[in-house]
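# Survey of secondary and tertiary structure
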Amino acid sequence: MGRFQDILLEGLAQDGGLAMPASLPQISREELLQFSVRAYSGLATEIISRFADDIDPAVIQRLCLQAYTEQKFGSAQIAPLTPLGQEQGAPLAILELSNGPTLAFKDMAMQMLGQLFEYVLTRRGETLNILGATSGDTGSAAEYAMRDKHAVSVFMLSPQGRMSAFQRAQMYSLQEPNIHNLAVEGVFDDCQDMVKAVSADLEFKAKWRIGTVNSINWARIMSQVVYYFKGYLGAVKAYGLRIGDTVSFSVPSGNFGNVFSGFIAKSMGLPIRRLIVATNENDVLDEFFRTGVYRVRGSKETYQTSSPSMDISKASNFERFIFAMTGHDGAATAALWRELLQSGQFDLKASQPQAWERVKASQVVSGKSTHENRLQTIRDLASRYQRLIDPHTADGVFVGRQYLESGVPMICLETALPTKFEETILEALGQPAPRPKGLEHLESLPQRVENIGADVENLKRIIAQRALR
Ligand SMILES: *Cc1c(COP(=O)(O)O)cnc(C)c1O
């Protein structure tokens, strides 16, 4: 891995693969105990300064304090753990990650990225044009984190007609001149392919100072590691555990970024029992963890579901996980991805049996939900615990419940607030979710968006016209 600051700005490693640290910092039990008295920003400082080793820890601390404020996240806890109840002897809890400016967990990493970008770019006297693709929540989180930054502009691709009215309004109502919303004719994967195509043109990328904030951005993965520690320590406190006792996490998954951060936390020594990859009807990841076959799907086979931020059939961070499972064998990983490109799938179990054994040993497991399962779960939590959850979180709760073990807390990550997915809440409960203050009339604000085709050359022209110099 190159220097942290370069990885931050470039997104990809020099060879076009995804950047990964050569080794992970290890957190001892003693350190975990010390972490338990830290506020969120203090915890973030501890974790992030172990990765960002070319930035002064005092600076990291200042950036964390600016990123994680009560004002932005609604409480001093930033990511509070809410116990629900005991099910089959297992404490069931929700880790609230969606109380930031755009009401989805993407804010947790993106607010930190905004601070890191501003700091590094200003010091270097440089600018950056962020090119990203979003299935809904990444785009708004990135735009809200960058809208007031002078050294950064954002070009955000979103799939036309695939996001909720709230998600569209949240992004497209931004009027800042450094924010460019481009709605692509296609699905999320088409958007992501366009980003990859532009990023693969190294000359263009260098000339226009293109950066990325997709879930493949290492700094995002790193920032997300923090809340696994927070969730663990929250469970220790809520349930009177001893440091070293294990908990499981259930994670609504699409691009495999969130749950991969959990895998990193576990690899750093956080006592995690299971990491549960919860998917919706777009079950490419569930299929892999059940069978060892990773078979990506095309646009036609990617269903539009009631948990749209997970409508992904090619999970970009998955490559990092497989790299880890091969024992950090770059050549073997590259060979698998060549096979994937040629035939649309690879069979890890058959071609790399040892790596498949590591997958089994990793305790990363999976499951999936249907629309009906999610509606049921939303109703069930509303009536049983008076707790309203969104369809993505419902997916995580539904699948998490299949892996309950007596005495092991099951922490379900809340990845969005229900108000973002009004139609589904209405369908499940017959009434809408409450709107946070100040967002009541979001959909009636004027919108600023441009429709484009899935055409890489046209995208390059647009960037060249409007990029920050
Ligand atoms: C992005 C997103 C997900 C999927 O997260 P990945 O990191 O892509 O796996 C799940 N739920 C919501 C609400 C999201 O915005």
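Residues numbered from 1 in each chain as written. Predicted model: local features only at pLDDT ≥ 70, side-chain atom pairs only at ≥ 80, totals over all residues. Heavy atoms only, no water.

Let us now look at the packing of aromatic side chains. Within a pair of aromatic rings, the relevant descriptors are the distance that separates the centres and the angle that separates the planes. Counted according to the given criterion, the structure contains 24 aromatic pairs. Arranged with centres 5.4 Å apart and planes meeting at 90°, the rings of F256 and F318 form a pair that is edge-to-face. Of this pair, F256 sits in the loop between strand 7 (247-252) and helix 12 (257-267) while F318 is found in helix 14 (residues 318-325), placing the two residues 62 residues apart along the sequence. Judged by relative accessible area, which is 2%, F256 ranks as buried. The interplanar angle of 35° and the centroid separation of 4.4 Å between the aromatic rings of Y294 and F318 together place this pair among those described as tilted. Residue Y294 is found in strand 9 (residues 293-295), and its partner F318 is found in helix 14; the two are separated by 24 residues along the sequence. Exposure remark for F318: the relative accessible area of 0% places this residue in the buried category. Taken together, the aromatic side chains of F256, F260, F263, F288, F289, Y294, F318, F321, W337, F346 and W356 make up a single cluster linked through ring pairs. Its guanidinium or amino end placed over the ring of F204, K460 lies 5.6 Å from that ring's centre, counting from NZ or CZ. (Phe/Tyr/Trp six-rings, centres within 6.5 Å; stacked < 30°, edge-to-face > 60°. Helix = DSSP H or I, 4+ residues; strand = E, 2+ residues; numbered from the N terminus. Buried < 20%, exposed > 50% of the residue type's maximum accessible area, 1.4 Å probe, protein only. Lys NZ or Arg CZ within 6 Å of the ring centre and 35° of its normal.)

Moving on to the site of the ligand. Not every one of the 15 residues close to the ligand is listed here, only the nearest: K106, D137, G254, N255 and N258. Contacts to the ligand include N255, whose backbone N or O atom sits 2.7 Å from an oxygen atom. Between the ligand and the protein, one listed contact pairs an oxygen atom with a backbone N or O atom of F256 at 3.0 Å. In isolation the ligand offers 380 Å² of accessible surface; the protein chains occlude 97% of this area. Looking at side-chain class alone, the shell around the ligand contains five nonpolar, eight polar and two charged residues. (Near = heavy atom within 4 Å. Polar contact = N/O pair within 3.5 Å; in protein donor to acceptor, adjacent residues only side chain to side chain. Areas by Shrake-Rupley, 256 points an atom, 1.4 Å probe, with all protein chains shown as cover. Nonpolar A, V, L, I, M, F, W, Y, C, P; charged D, E, K, R; others polar.)

Moving on, we come to the sheet that holds strand 6 (residues 210-211). Read from one edge to the other, the open sheet built from five strands follows the order 6-3-4-5-13, with strand pairing classed as parallel. The sheet terminates laterally at strand 6 and strand 13 (450-452), the two strands that pair on one side only. The sheet contact formed by strand 4 (residues 152-159) and strand 5 (residues 179-184) spans six bridges and is parallel. In the sheet register, S158 faces strand 5, and the bridge partner there is A183. (Pairing = 2+ DSSP bridges.)

This brings us to the side chain of T45. With respect to the helices and strands, T45 occurs in helix 3 (residues 40-51). At a separation of 2.7 Å, a polar atom in the side chain of T45 contacts the main-chain carbonyl oxygen of S41. Residue contacts for T45: discarding those within four places in its chain leaves P57, I60, Q61 and C64. (Contact = heavy atoms within 4.5 Å.)

Let's shift gears to helix 12. For helix 12, the tally of buried residues reaches nine of eleven residues, placing the bulk of the element in the interior. Buried residues of helix 12: G257, N258, V259, F260, S261, G262, F263, I264 and A265, and no others.

All told, the structure shown has 29 salt bridges when counted by the stated rule. Residues R387 and E414 are paired through a salt bridge, measuring 3.2 Å at the closest nitrogen-oxygen approach. Pair noted here: R387 is in the loop between helix 18 (371-385) and helix 19 (391-400) and E414 is in strand 12 (residues 410-414), with a separation of 27 residues, a long-range link. This pair shows no difference in class: R387 is buried, exactly as E414 is. Salt bridges linked by common partners bring D283, E287, R295, R297, E301 and K368 together as one network. (Salt bridge = Lys/Arg side-chain N within 4 Å of Asp/Glu carboxyl O.)

With mixed pairing, six strands are arranged side by side in an open sheet as 1-2-12-7-8-11. For this open sheet the edge positions go to strand 1 (81-87) and strand 11 (364-368), each flanked by a neighbour on one side alone. On average, each strand axis in the sheet is inclined to that of its neighbour by 25°, with strand direction left out of account. Pairing geometry for strand 2 (residues 90-96) and strand 12, over five bridges, is parallel. Looking at strand 12, one finds that L95 is bridged to L413. Against the sheet, helix 13 (residues 284-291) makes contact with strand 8 (272-279) and strand 11, and its axis sits at roughly 130° relative to strand 11, the strand it touches most. The strands touched by helix 19 are strand 2, strand 7, strand 8, strand 11 and strand 12; relative to strand 7, the strand with the most contacts, the crossing angle is about 140°. (Axes fitted to C-alpha atoms, helices over the stretch in contact; angles between N-to-C directions.)

Membership of the largest hydrophobic core comes to 110 residues, with the highest contact counts inside it found for F117, W218, F229, F256, Y294, F318 and F321. Sort the elements by how many residues they give to this core and helix 11 (residues 218-239) lands first, with 13 residues. What F117 contacts, discounting residues up to four positions off in sequence, is L8, L9, T122, L128, I130, M146, V152, T212, V213 and N217. Among the nonpolar cores identified, the runner-up in size contains 22 residues, and L84, C412, I425 and A433 belong to it. (Core = buried A, V, L, I, M, F, W, Y, C linked by side-chain atoms within 4.5 Å.)

Let us look at the domain arrangement of the protein chain. It is common to report an interface's size as the accessible area lost on association of the parts. According to the domain assignment, the protein chain consists of domain 1 (4-73 + 103-218 + 444-466) and domain 2 (81-102 + 224-429). Domain 1 and domain 2 are separated by 21 Å when their C-alpha centres are compared. Counting residues at the interface gives 52 residues for domain 1, matched by 47 residues for domain 2. Around 4,500 Å² of area is buried between domain 1 and domain 2 when both sides are counted, 62% of it from carbon and sulfur atoms. On the surface where domain 1 and domain 2 come into contact, there are two salt bridges. The partner of D193 in a salt bridge is K314, and the shortest N-O contact between them spans 3.2 Å. Linking domain 1 with domain 2 are 16 residue pairs in polar contact (both at pLDDT 80 or more). Secondary-structure elements contributing two or more residues to the side of domain 1 that touches domain 2 are helix 2 (29-35), helix 3, helix 5 (70-73), helix 6 (106-124), helix 7 (137-146), helix 8 (165-172) and helix 9 (188-200). Residue composition of the side of domain 1 that touches domain 2, grouped by class: 30 nonpolar, 13 polar and nine charged. (Domains from an automatic or database assignment. Buried area = accessible area lost by both parts, 1.4 Å probe.)

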